[in-house]
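# A structural walkthrough
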Amino acid sequence: MNPAEQNILSKIMAKLLLALIVVYVGAANAENPPFVLERDGSTIALEPYAANIIRVTLSMNKDQSVAAPGYGFTASPATEGWSQRQGGEGNVYRSARMIVTVEENHRSKPTATQIDIGKFFNGSNPGVGISFRTPDGKTLLRMTHWWMSVPNHKDGNATVLYDKRPSDSSFYQVGASFASPDDEHYYGLGQNQEGFLDHRGHRVECWHNYDATAAPSVCVPFMVTNYGYGIIWDNPSKTVIEPGFNERTNWTSEVGDRVSFFVIAGSTLNEIYAGYRLLTGATPMLPKAAYGYIQCKQRYASQDEVLAVAKGYRERHLPADILVVDWFYYSKMGEMDFVPDKWPDPAAMNRQLHDMGFQTMISVWPRFAKGSRYYDFLMKKGWFEHLADGTPTDGLPYDRAGSDIDTTNPAAARWFWETIRDNILSKGFDSIWADETEPDLPPNGSYFSVGPGTRYFNIYPLVHTAAIYEGFRRDINHRALILSRDAYLGAQRNGSMFWSSDISPTWDTLKRQIPTGLDFTASGIAYWTQDIGGWQYLPKEHHPAHPPLLDPSGARDNVGGYDDYPELYTRWFEYGAFLPVFRAHGSRLYNEVWSYGKQAEPILEKYLRLRYQLIPYIYSLGYQTYLTGAPFMRALFMDFPNDPNVADLRDEYMFGPALLVAPVTEQGVTSRTVYLPAGTDWYNYWTNERVHGGQAIQVNAPIDTLPVFVRAGSLLPLGEAIESTNQPQTIARLRVYPGADGEFALYQDDGKTYAYEKEDSRITRLYWNDAAQQLTHQGAEAWMKPDSEIVDVVGRR
């Protein structure tokens, strides 16, 4: 047999052997996935979770390849409907929705130069390509190579090895590279506040970083694209994503022992979010009060001050639902008490506020200072984030707030909840503000109960909000509500809303909040908000380039020399009325709607009342998010995927299926350009003027007007005036915007309990037949009056 024949025979035998391995492993795992392949010392596992969802794991350590997913995931594998075969192109795994091919390695003979290079340099692991396609042949995604390398001085990451103890498992840098077509766009990945929407061409540092560029960042390693898929990266260490550079997208995690990721295929974005929901959990309904207005500032320093603010809203007959008690109501960080001369009877305060229709939220930090009543107990238990020798991690010399409780430890998490329950919630507070959930003492170089903080850098907000949410579900008879500064995969299932942290009170910040929030909700976490007006202290003076649109003279005791701040706050408040959570906060002396001058006050009242008119619409959107996992604050690419003009449109968004919102983010302007997506007509919300889509128009935007447009075919329910969601609210009007068929599911429940999980609710399905110009409805009765007194068909005389 000549050498050529020997070579052919060797290839044939190799393929036969590989096929036998696949058949053997497939048979062994027929009841317990994943499908497993061995390639040149590495192990590749493919694990289906649905017909359109598959997990891929690669490692040089087989045990890690076949181990369960990491933090954030709740689903179980499901191989039904999947098959496998060996083909000429490689190992092929198929379902009715996806074809995954682990490609054959076709190695060409190396050149002399490559041989010489190989004498001194080599990669960390064998290469492999994996492609993901739809059954009709459309390529969704292709992984071109991966790596799992020992940290070393050449790569500049050797110092990470100091962040592990001898008993900890080995550290590797892990990552993968994917092909990036020129027309692919990337969204999600948590919270980055640098001001872009499409991540293409931008390095994303995916970790919780209070000191990140522009403002604090939050890592949710879930990315969606316009190519019909989403990818979830299963690694909680610091991760860098580089989308669209050099025709590829790289994911690199600082520490891991495998590459693990999920691919979700979807013919629509909503189908991809349904996949995220399946994998990481449903988004519960929040208490109905959370869909109203949340009044907060840094800080209400006494119960008398809180009661005075509550009376101010009720005496003005202004709607508001939740009042927030920020930090330093306690005598010492971690004391879990109330300073008696400022808070003589919090329980009596809460009873009075409840009688006025308010709920209360209170800030509880995870920090315990030395000398506080629980510090020694926690130290003895070993329940702090700590250094290798067991010493609690602290922020000395500049930060003297103590150490963070380690809620990765289930016993510590349970104790933390019970301590909050017995010392705080027992006083009648309704919800918890879980501040400082990065945690504020970055865990790299420190240790959690589950292992090195460097390996588990991003999980703290997930386990910390879970500690509180699970306690609510066990011990409290109303819905949980948690305000958290950070998130991670799956944190949406913990009854939480998330805010963009301690942002600055500037026009630039306002402008960047819009794409920041849109990428956050694109990460599968619907309830995002911000500190309306910015959290940081106002500068002593600020003189705008253009004359202020609102006179600051009546608010000088609050805004000082910041001449255009009443204008900025008003524009911000208008935008805030169209966020999933409407919440004002900041470090001004006063922060109520009557605090920014006589010219600002009626405008702020207008948008406060408008928010409550929209409660039937917004609350119904929340229920759809619970059912589907899809967010209801949506960048325009989600609903208009065929319009290339919206791929990176950063200053407009959809608020539910009906409303297009275009905030004003420039000082001194009274009009702005608004792009109306193609494929539909639009109505100006304020004037009812009908406009064709697919064009940019100039829109009047005086200081009291936020540009809002309504999509043709929309059904928009508006509620009667109420002062809190604790009051019954009837439907005042149902606005119908002709031009297309439309439907809307109007949702109602008790607003307080989890009875909705057992379908104890009232749903009215509204339908508009545009050709017949007729509205019909089915299900629960939505209003008592005749339709003729409720239904308003816009444009009909």
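Above this text sits the structure in question.
All of these numbers come straight from a predicted model, not from anything done at the bench. (Residues numbered from 1 in each chain as written. Predicted model: local features only at pLDDT ≥ 70, side-chain atom pairs only at ≥ 80, totals over all residues. Heavy atoms only, no water.)

### Some points on the sheet that holds strand E9 (residues 172-179)
Short version of the rule: Pairing between strands is defined by DSSP: at least two bridges between them are needed. Only DSSP runs of H or I with at least four residues qualify as helices, and only runs of E with at least two residues qualify as strands; both kinds are numbered from the N terminus onward. Orientation is described by lines fitted to C-alpha atoms, with helices fitted over the stretch in contact, and by angles between N-to-C directions that extend from 0 to 180 degrees.
The strand order across the open sheet formed by 9 strands is E4-E5-E6-E7-E8-E9-E15-E14-E11, and the pairing between neighbours is antiparallel. In the strand order of this sheet, the two ends are held by strand E4 (83-87) and strand E11 (204-206), each with one partner. Adjacent strand axes in the sheet meet at a mean angle of 20° when their direction is disregarded. Bridge count between strand E7 (residues 130-133) and strand E8 (residues 139-149): 4 bridges; the pairing is antiparallel. Counted as the bridge partner of isoleucine 130 is methionine 143 from E8.

### Examining the side chain of glutamate 47
Keep this limit in mind: Burial here depends on accessible area, computed with a 1.4 Å probe over protein chains only, as a share of the maximum for the residue type. Under 20% is buried, over 50% is exposed, and the range in between is partly exposed. For this analysis, a polar contact is any N or O atom pair within 3.5 Å, provided that within protein one partner can donate a hydrogen and the other can accept it, and provided that sequence-adjacent residues contribute only side-chain to side-chain pairs.
Topologically, glutamate 47 is positioned in strand E2 (residues 42-50). Judged by relative accessible area, glutamate 47 falls into the buried class, the value being 9%. Here the side chain of glutamate 47 touches tyrosine 49 through a polar contact of 3.2 Å, side chain to side chain.

### A few points about unusual backbone geometry
For residues that are not glycine, phi is negative in most cases, and the peptide bond is trans in most cases. Looking along the chain, the bond that leaves leucine 396 and enters proline 397 is cis, with omega of 10°. Examined against the element boundaries, proline 397 turns out to sit in the loop between helix H7 (375-381) and strand E21 (403-404). In this model, glutamate 438 is joined to proline 439 through a cis peptide bond whose omega is 5°. Secondary-structure assignment places proline 439 in the loop between strand E22 (431-434) and strand E23 (447-448). Even without a glycine there, the phi angle at asparagine 246 is positive, about 55°. Structurally, asparagine 246 can be placed in the loop between strand E14 (239-245) and strand E15 (248-256). Judged by its relative accessible area of 63%, asparagine 246 falls in the exposed class.

### Considering the state of the cysteines
Heads up, the condition is: Only a pair of cysteine sulfur atoms within 2.5 Å qualifies as a disulfide here.
Here the structure, examined in full by the defined rule, presents 1 disulfide. For cysteine 206, the disulfide goes to cysteine 219, at an S-S distance of 2.2 Å. In this structure, the disulfide formed by cysteine 206 and cysteine 219 twists by about 90° around the S-S bond and is classed as right-handed. A residue pair is termed long-range when its members are at least 10 positions apart, and cysteine 206 in strand E11 and cysteine 219 in the loop between E11 and strand E12 (222-225) qualify at 13 residues. The burial state of cysteine 206 is the same as that of cysteine 219; both residues are buried.

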